[in-house]
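The primary structure of each chain is shown beneath.
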2 protein chains.
Amino acid sequence: MSSKPLHIAVVGATGAVGQQMLNTLEQKKFPFEKLTLLASRRSAGQVIEFKGKSYTVEEATPAAFEGVHLALFSAGGSVSKALAHEAVKRGAIVVDNTSAFRMDPEVPLVVPEVNENDLLNHKGIIANPNCSTIQMVAALKPLHEKLGLKKVVVSTYQAVSGAGAKAIEELKSQAKAILEDKDFTPEILPCGSDKKHYQIAFNAIPQIDLFQENGFTYEEMKMMNETKKIMHLEDLHISATCVRLPVVTGHSESLYAEFEKAGASVQEIRDILSAAEGITLQDSPEEQIYPMPAASVGLPDVFVGRIRKDPDSDKAFHMWIVSDNLLKGAAWNSVQIAESLLKLGLL
Amino acid sequence: MSSKPLHIAVVGATGAVGQQMLNTLEQKKFPFEKLTLLASRRSAGQVIEFKGKSYTVEEATPAAFEGVHLALFSAGGSVSKALAHEAVKRGAIVVDNTSAFRMDPEVPLVVPEVNENDLLNHKGIIANPNCSTIQMVAALKPLHEKLGLKKVVVSTYQAVSGAGAKAIEELKSQAKAILEDKDFTPEILPCGSDKKHYQIAFNAIPQIDLFQENGFTYEEMKMMNETKKIMHLEDLHISATCVRLPVVTGHSESLYAEFEKAGASVQEIRDILSAAEGITLQDSPEEQIYPMPAASVGLPDVFVGRIRKDPDSDKAFHMWIVSDNLLKGAAWNSVQIAESLLKLGLL
């Protein structure tokens, strides 16, 4: 552990993930001496209470990073692109929660339980993976170590909070309008920056983020590319279908995994996952115990259940993976990266 | 076409699917002379308007089937088990919408676009497949004919109306309670006959029907076994994960399919599906056009979109299949079977 008095900056402190970042720093008792809260000019001047002290949010400018050792960014990709290198230039290590640098070969993309040692090669910026990727690789890594991962087919059931506070508001106001038989106009989902918007309440939208030329969405490509990078499996067969649901918080994933090694039993899969860091097994069909998004809210764990052996293969399994997309999927993993940096003597 | 004056009975006429059965008979202008509406003793005596005439619902007893040529059953498995053979004994052909006889080798399990000729071997009872199976095989059959189906991995996104009128009421009242920050007690979902009940509003429940010994639910086993039977593909590799969503009507499916034949393009898959009976292609990512459950309500089609080639295989594709579970998934398919019986001279 470092003994220098740490100066931390949280960039995007007024947003949903920024708030969770502060909660997580407090919950995990992350050690620091000085805290600077940064946000856009629009949000500057707001006062945020943290551990009994009042902090005035400052505008995020290059100069604001003077003296900062660790900057936790979650203010959108354009802010990260504009300011992360400025922060690094001034001596900070950046943990970035946007997609801006994730596929940059110079930037480690880290889930501490999976590839903590990639931090040793950092050049100032470290990327936090996409929420739906994090919970999946957390479950796949321990299985890969024992059985050798070969192929993944994943379908997601994602919550609207992954699309921000306005998307949560849209889901709630739409649900209310439908229940009261009133009119409404979709304005945010599936994707604020795309042309058309669709009803999310009492519906399912098979689009998260923008479409790419190959017909996959950017969210799907993130899951596929980030998983290969984090797990150091460039040749992994992996494909994703990402779907937005009328759920406020908690992403779920129906996952099919094929392994190199044949003959594992459901009980062996359960034992491997039970012993894994950060994973909580919830898998007792006879007692109707399985993970559900509404039950995952506020908890940092990745929950795994519904583990079944494929009826037609001795090498394949199905499972259901759930986690709070704002915690392990975002803030919790970012603070875990900061803890790993301390542990490895990098901070 | 038969020219005899047909006498039809609808068993379960007061239920959600029974009502859709009557609507569908009317919409499709199905020819008949006499209509008898049957239900449990509790519902007997109710008066139902149909094509401008009033019908008094009678109690479903063996004697009620005297003189009936065609009986459409959708009053639950126990009613079918008790009365279907009684109806057949009295000369009726039964189209049964429950799971009671689906896997009986003596009973054809029919989706007319897929295996209409199986009707030729009927022995009185014909089974209507499970809702989530019907829409899947309707999309898979034309692809199988051209490319040879080898393997399917499917994850479902199912509406609560599949669990009956009380489940719809539970979703709506729970959503209202949550929006108003009031307490509620789950009583129906995931499965009225199971021990524990969970929140469905703003949640996703990975259980539909009861768990089997192998860890799959009965709904999942239905999709797997019925697909093999309907498509006459005993060796098909198929596995399903079935999930209940806070959606009123419209089942969605994220499907991964591997074929024998290599090298098909996305455009070829689209062309095959466009030409297929009962399928409507909704697949223009550049215009954000894809199927969604809320947009499928009240329509008899099976909608397919999000067609993507698997990035790691020249033989595999992903797609998203949506249909109104009360129409093509139930009533519409039952009446289609009746039309096929007429066309084949069996009625």
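Predicted model, so just to flag it, every value in this text is computed and none were measured.

Participant: Explain the sheet that holds strand 10 (residues 237–241) of chain A to me, using residue names and the numbers behind them.
Facilitator: Hydrogen bonds between backbone atoms are what pair the strands of a sheet, whose relative direction is either parallel or antiparallel. Residues and elements named next belong to chain A. Taking strand neighbours across the sheet as the criterion, the six strands line up as 10-9-11-14-13-12 in an open arrangement whose pairing is mixed. For this open sheet the edge positions go to strand 10 and strand 12 (279–281), each flanked by a neighbour on one side alone. Averaged over all pairs of adjacent strands, the angle between their axes in this sheet comes to 25 degrees, without regard to strand direction. Of the strand pairs in this sheet, strand 13 (residues 302–309) and strand 14 (residues 316–323) are connected by six bridges, and their pairing is antiparallel.

Participant: For the interface of chain A and chain B, give the residues involved together with the corresponding values.
Facilitator: Opposite the 62 residues of chain A that make contact, chain B presents 62 residues. Roughly 4,900 Å² is buried in total at the junction of chain A and chain B, and carbon and sulfur atoms are behind 60% of that figure. Taken as a group, A:Phe202, A:Gln288 and A:Arg306 account for 14% of the area that chain A buries against chain B, more than any other trio of residues on that side. Taken together, chain A and chain B are joined by six salt bridges. In this structure, the salt-bridge partner of B:Glu258 is A:Lys151, at a minimum N-O distance of 2.8 Å. Across the chain A-chain B interface, the total number found is 40 residue pairs in polar contact (both at pLDDT 80 or more). Sorting the residues of the side of chain A that touches chain B by element identifies strand 9 (149–157), helix 5 (165–179), helix 6 (218–231), strand 10, strand 11 (251–259), helix 8 (293–296), strand 13 and strand 14 of chain A as the ones contributing at least two each. When grouped by side-chain class, the residues that make up the side of chain A that touches chain B number 33 nonpolar, 14 polar and 15 charged.

Participant: An account of the packing of helix 4 (residues 131–147) of chain B against helix 7 (residues 266–274) of chain B is needed here, citing residue identities and associated values.
Facilitator: For any two helices packed against each other, one specifies the crossing angle of their axes together with the interaxial distance. Residue and element names in this part refer to chain B. Viewed as axis vectors pointing N to C, helix 4 and helix 7 meet at an angle of 120 degrees, and their least axial separation amounts to 9 Å. Between helix 4 and helix 7, the crossing angle belongs to the class labelled oblique. For the pair helix 4 and helix 7, the sense of crossing is right-handed. Contact with helix 4, carried on its side by Ala 139, Pro 142, Leu 143, Lys 146 and Leu 147, involves Ile 269, Ile 272 and Leu 273 of helix 7 and no other residues of that element. Tallied by class, residues from the contact of helix 4 with helix 7 come to seven nonpolar, no polar and one charged.

What counts, and at which threshold
Along each chain, numbering runs from 1 in the same order as the chain's sequence is written. Whichever chain is written first becomes A and whichever ligand is written first becomes 1, with later ones labelled in order. Only residues with pLDDT of 70 or above have their local features reported here, since the model is predicted, and side-chain atom pairs are shown and tallied only from 80 upward, although totals for entire chains, interfaces and linings are computed over all residues. For the side-chain quantities, the full set of heavy atoms in the structure was used; hydrogens and water were omitted. Two strands qualify as a pair provided that DSSP identifies no fewer than 2 bridges between them. Numbering of helices and strands runs from the N terminus, with a helix taken as a DSSP run of H or I at least four residues long and a strand as a DSSP run of E at least two residues long. The convention used is that axes are lines fitted to C-alpha atoms, helices contributing only their stretch in contact, and that angles between N-to-C directions extend from 0 to 180 degrees. In this analysis, two residues are considered to be in contact whenever any of their non-hydrogen atoms come within 4.5 Å of each other. As used here, buried area is the combined drop in accessible area, with a 1.4 Å probe, of two parts when they are placed together. Each reported salt bridge corresponds to a side-chain nitrogen of Lys or Arg within 4 Å of a carboxyl oxygen of Asp or Glu. For this analysis, a polar contact is any N or O atom pair within 3.5 Å, provided that within protein one partner can donate a hydrogen and the other can accept it, and provided that sequence-adjacent residues contribute only side-chain to side-chain pairs. As a working rule, the residues Ala, Val, Leu, Ile, Met, Phe, Trp, Tyr, Cys and Pro are called nonpolar, Asp, Glu, Lys and Arg charged, and the rest polar, with Gly in that last group. For classification purposes, an angle smaller than 35 degrees is called roughly parallel, one larger than 145 roughly antiparallel, one from 65 to 115 roughly perpendicular, and anything else oblique. It is the rotation of the near helix from the far one that decides the hand of a crossing: anticlockwise by less than a right angle makes it left-handed, clockwise makes it right-handed.

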